[in-house]
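The lines below spell out each chain.
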Amino acid sequence: MHQTSILNLKKRLTLPELTSGILAGNRVTLSKGITLVESILPEDEEMAAALLEALLPYTGQALRIGITGVPGVGKSTFIETFGSYLTSINKKLAVLTIDPSSQLTHGSILGDKTRMESLSKNPNAYIRPSASGSTLGGIAHKTREAALLCEAAGFDTIIIETVGIGQSETAVKNMVDFFLLLMLAGAGDELQGIKKGIMEMADALVITKADGENKKKAAMAVADYTHALHLFQLPASGWTARVMTCSAKENEGIAEVWDAIQQFETHTKLNGFFVQNRKQQNKTWLYDCFNHLLQQEVKKSQTLGAQVNELEKKVEAGSISAYQAAKEMLKKFKAS
Ligand SMILES: Nc1nc2c(ncn2[C@@H]2O[C@H](COP(=O)(O)OP(=O)(O)OP(=O)(O)O)[C@@H](O)[C@H]2O)c(=O)[nH]1
Ligand SMILES: [Mg+2]
């Protein structure tokens, strides 16, 4: 009996089994579905595409939130507290991560398991660490699809977390409704290495660790960042980014963050931005997929692959411009 259950666990599920299991909210099936979506084997990609196609009608109803910030800002701790708050108000939360550094360091998954201890045991929360991949584009592409699977499984709030080191934020911004930037108060440099462009993408700036001796510094940071944000143009959403403080440790300012997100949702649904933004994001997804397929085609052909490698080297060495090389690639591709 025991053996059969182990065998069942390892057994590959069929497409109908995956589809119905995910729609029924079965977490084991959801995890298997995400593993399938993350697979780079061509035969898995076919099945993953069919799974997404089947589940697509059941997606789109969740609110998608992106969270970023420099290492150590308190992302994991924030998500643990914020996530527990969300489940306490009857939300079903899925947390996914994009970690461009995970390939080198194997991520901070172990650390996160302990920092998100209560959330990882919460029956209304689902935490899935970063997909691995050879390129950020590849990882991002898979995270977007993993998020759709979570939506089909009935999660109504999706958090996509990324490390704020300036690579993956745009990818995350392109797949969420609300983008939250966590920041430290008084960490030397006013913008602590967070590029202006990332601040411009944020719908809210939350100063973390506003407790104890840090409280005063956090309040001052709010004034500074509010001032800095005033110099930016009003974004297409028509929403001025909020600047707030919170303490995940002392559970302060957490409900206020959720309140701001809800206000944003109401505001952008009224002015049409919410829907428009999602349409735009779907278009980005289309071109991500197209790029991915194109690159796969190139890799499949040995001669083409060799020619592309040659061009890559020339671009690396600076002996040809990227644009020129891309044009040649296209020419070779057409002729193949
Ligand atoms: N005082 C205080 N410390 C906090 C708070 N939130 C996080 N910390 C501490 O800050 C450190 C970093 O927190 P993490 O949640 O691991 O930060 P992170 O952004 O996930 O870090 P990486 O995963 O390395 O990118 C830990 O030692 C936490 O205990 C807070 O609200 N107050
Ligand atoms: Mg972390």
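The sections below set out a description of the structure shown in this document. (Residues numbered from 1 in each chain as written. Chains lettered and ligands numbered in written order. Predicted model: local features only at pLDDT ≥ 70, side-chain atom pairs only at ≥ 80, totals over all residues. Heavy atoms only, no water.)

### Considerations on the packing of helix α2 (residues 15–23) against helix α3 (residues 27–38)
Their axes nearest at 8 Å, the elements α2 and α3 cross at an angle of 125°. With respect to α3, the axis of α2 lies oblique. Here the hand of the crossing between α2 and α3 comes out left-handed. Residues E17, L18, G21 and I22 of α2 lie in contact with α3, whose contacting residues are T29, L30, K32, G33 and L36. (Axes fitted to C-alpha atoms, helices over the stretch in contact; angles between N-to-C directions. Helix = DSSP H or I, 4+ residues; strand = E, 2+ residues; numbered from the N terminus. Parallel < 35°, antiparallel > 145°, perpendicular 65-115°, else oblique. Left-handed = near helix turned anticlockwise from the far one by under 90°. Contact = heavy atoms within 4.5 Å.)

### A few points about helix α12 (residues 214–230)
Each turn of an α-helix holds 3.6 residues, which means side chains three or four residues apart point in the same direction. Its 17 residues give α12 an end-to-end C-alpha distance of 24 Å, which sits within 8% of 24 Å, the value for a rise of 1.5 Å per residue. Residues of α12 that are buried include every one of N214, A218, A221, V222, Y225, A228 and L229, and no others. The buried side chains of α12 occupy one side of the element, clustering within an arc of 135° when seen end-on. For α12, the exposed residues set more than 90 degrees away from the buried face come down to K216, M220, H227 and H230. Those residues of α12 that are buried are in contact with β5 (178–183), α11 (196–201), β6 (204–207) and β7 (242–245). (Expected span 1.5 Å × (residues − 1). Buried < 20%, exposed > 50% of the residue type's maximum accessible area, 1.4 Å probe, protein only. Arc of directions from axis to C-beta.)

### Here we look at empty space enclosed by the protein
Throughout the structure, instances matching the rule amount to 1 cavity of 30 Å³ or more. Estimated volume of the largest cavity: approximately 40 Å³. In terms of lining residues, the largest cavity is bounded by 10 residues, among which E38, L96, T97, P129 and T143 are the most central. Elements represented by at least two residues in the lining of the largest cavity include exactly α3, β2 (93–98) and α9 (136–152). For the lining of the largest cavity, the residue count by class is 5 nonpolar, 3 polar and 2 charged. (1 Å grid on protein atoms, 1.4 Å probe; cavity = no way out; pocket = protein on both sides within 12 Å on 5 of 7 lines; lining within 4 Å. Points joined across faces, edges and corners; volume = space filled by probe spheres on them. Nonpolar A, V, L, I, M, F, W, Y, C, P; charged D, E, K, R; others polar.)

### Re the nonpolar core
Among the nonpolar cores identified, the biggest contains 54 residues, and L30, L149, C150 and I158 are the most heavily contacted of them. A per-element tally of this core places α9 first, with 8 residues. L149 has contacts with I22, L30, G33, I34, V37, L51, L52 and L55, leaving out every residue within four places of it along the chain. Counting residues in hydrophobic clusters, the runner-up holds 30 residues, among them L63, I67, I159 and L182. (Core = buried A, V, L, I, M, F, W, Y, C linked by side-chain atoms within 4.5 Å.)

### Brief notes about the packing of helix α15 (residues 302–317) against helix α16 (residues 322–335)
In the contact formed by α15 and α16, the axes pass within 10 Å of each other and the chain directions differ by 170°. Judged by the inter-axis angle, α15 sits roughly antiparallel to α16. Every residue of α16 that contacts α15 at L304, Q307, V308, L311 and V315 is listed here: A322, A325, E328, M329, K332 and F333. Grouping the constituent residues of the contact of α15 with α16 by class yields 8 nonpolar, 1 polar and 2 charged.

### With respect to the packing of aromatic side chains
In this description, a pair of aromatic rings is defined by centroid distance and the angle of the planes. As enumerated under the stated definition, the model contains 5 aromatic pairs in all. Their ring planes at 15° and their centres at 5.1 Å tell us that F78 and F82 sit as a pair that is stacked. With F78 and F82 both in helix α5 (residues 75–88) and 4 residues apart, the pair spans about one turn of that helix. You can call F82 buried: its relative accessible area is 0%. Pairing W239 with F264 gives two aromatic rings, centres 5.4 Å apart and planes at 90°, and the pair type is edge-to-face. Of this pair, W239 sits in the loop between α12 and β7 while F264 sits in helix α13 (residues 254–270), and the two are 25 residues apart along the sequence. Judged on exposure class, the residue W239 and its partner F264 are both buried. By the ring-pair criterion, three or more aromatic residues cluster together here, those being F78, F82 and W258. Across the ring face of F274, the terminal group of K269 is positioned such that the distance to the ring centre comes to 4.6 Å. (Phe/Tyr/Trp six-rings, centres within 6.5 Å; stacked < 30°, edge-to-face > 60°. Lys NZ or Arg CZ within 6 Å of the ring centre and 35° of its normal.)

### Re the sheet that holds β2
Spatially, β3-β2-β4-β1-β5-β6-β7 is the arrangement adopted by the 7 strands of the open sheet, whose pairing is parallel. Unpaired on one side and paired on the other, β3 (125–128) and β7 mark the two borders of the sheet. The sheet shows a mean angle of 20° between the axes of neighbouring strands, direction not considered. When strand β1 (residues 63–69) meets β5, the two strands line up parallel, connected through 4 bridges. The residue of β5 that forms the bridge with I65 is F178. Across the sheet, α5 is in contact with β1, β2, β3, β4 (157–163) and β5; its angle to β4 comes to roughly 175°. (Pairing = 2+ DSSP bridges.)

### Here's the deal with the pairing of β1
Summarising burial for β1: 7 of the 7 residues are buried, a large majority. The side-chain alternation of β1 yields two buried faces, one formed by L63, I65, I67 and G69 and the other by R64, G66 and T68.

### A closer look at the environment of A146
Inspection of the secondary structure puts A146 in helix α9. With 111 residues separating them along the chain, A146 and T35 place their C-alpha atoms 8.7 Å apart. For A146, the contacting residues outside a window of four places in its chain are I34, V37 and L96.

### Describing the pairing of β4
Of all 7 residues in β4, 7 are buried; the element is thus mostly enclosed. Burial of the side chains of β4 extends over both faces: T157, I159, E161 and V163 are buried on one face and I158, I160 and T162 on the other. Pairing geometry for β1 and β4, over 7 bridges, is parallel. What sits directly across from I67, in β4, is E161. Sheet topology note: the β2/β4 ladder contains 6 bridges and is parallel. Within β4, the residue paired with V95 across the bridge is I159.

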